[in-house]
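# A structural walkthrough
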Amino acid sequence: MKRIILVALAIFAFSVSAFAINSTLHVKGGVQYPDAPDKAGFDSALTLNIGLDKYFTLGAESGFGWVKWEDKDAAKAAGDVTLTKVEKTNAYTLPLLAVATVRLADMMETYGFMPYLTGGAGYSWTWYDHPEFSDRFEGFTWQVMGGVEIKLGSDSNLSFIIEGGYRDAGVQNSDDYELDMSGFIGRAGISFPLEMSSDY
């Protein structure tokens with residue numbers, strides 16, 4: 001098992017170094033709006049893009065999502081004050097996806113910005129925490145994101161990212177109950193080149 005891990009790490013390191021001129025690391029944060037809670041929440045992602053050439057990348061993405069909401073239940077009077085029972089619920093999500101991106105790289109050279117389209121597929125885990133029910137849900141997950149990368153100045157190697165899209169994550173627990181965490185995602189962040197002299 002250790003040999004397999006070492007070989008995988010060696011291949012990964014070689015891939016990053018061999019294609020570093022077109023490879024980037026994206027750090028992003030934003031919002032999600034899943035179907036099941038029907039509430040807005042926090043979403044973040046860390047994406048490694050290994051450049052095959054200046055137009056295509058393959059990579060991996062993970063991150064953290066958090067949706068929190070309150071349900072007000074029974075109310076009762078306590079003198080002149082009305083007390084309301086509040087139940088707080090949290091849903092924490094951890095996705096792990098393989099991603100592929102198509103980039104209109106020539107526009108970065110000409111105009112200083114670059115539209116892109118990313119598709120991803122993998123697995124995600126959601127921990128649902130309610131005062132009366134807590135469980136872990138997991139399952140196949142895919143997403144499609146479209147965005148634009150904007151160069152931060154002519155002398156900068158960094159780029160600003162803004163993107164939006166849809167993630168499908170109908171995850172299940174061990175009793176086959178489904179929690180539908182599918183919905184819209186919107187994020188902004190920074191793209192870091194893996195080589196300081198990165199040119200598109």
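Here's what I pulled together on the structure shown here. (Residues numbered from 1 in each chain as written. Predicted model: local features only at pLDDT ≥ 70, side-chain atom pairs only at ≥ 80, totals over all residues. Heavy atoms only, no water.)

Secondary structure summary: the chain contains two helices and 10 strands in total. Taken from N to C terminus, the helices and strands of the chain fall in the order α-β-β-β-β-α-β-β-β-β-β-β. The buried share of the chain, taken over its 200 residues, is 38%. Contacts spanning at least 24 positions in sequence make up 59% of the contacts within the chain whose residues lie at least 6 apart. Surface accessibility of the chain: about 11,100 Å² in total, with carbon and sulfur atoms responsible for 64%. (Helix = DSSP H or I, 4+ residues; strand = E, 2+ residues; numbered from the N terminus. Buried < 20%, exposed > 50% of the residue type's maximum accessible area, 1.4 Å probe, protein only. Contact = heavy atoms within 4.5 Å. Areas by Shrake-Rupley, 256 points an atom, 1.4 Å probe, with all protein chains shown as cover.)

Okay, the packing of aromatic side chains next. Pairs of aromatic rings are described using the distance from one ring centre to the other and the angle between the two planes. Across all of its chains, the model carries eight aromatic pairs by this definition. Relative to Phe113, the ring of Tyr111 has its centre 6.1 Å away and its plane inclined at 35 degrees; by these criteria the two rings are tilted. Classification of Tyr111 by relative accessible area gives exposed; the value is 57%. Three or more aromatic residues joined by ring pairs make a cluster, and in this case those are Trp69, Tyr128, Phe133 and Phe137. (Phe/Tyr/Trp six-rings, centres within 6.5 Å; stacked < 30°, edge-to-face > 60°.)

The topology assignment puts Gly189 in strand β10 (residues 183-193). We classify Gly189 as buried; its relative accessible area is 9%. Sequence separation between Gly189 and Glu149 is 40 residues; the distance between their C-alpha atoms is 9.4 Å. Ignoring anything within four residues of it in the chain, the contact list for Gly189 reads Val27, Lys28, Ser159, Phe160 and Ile161.

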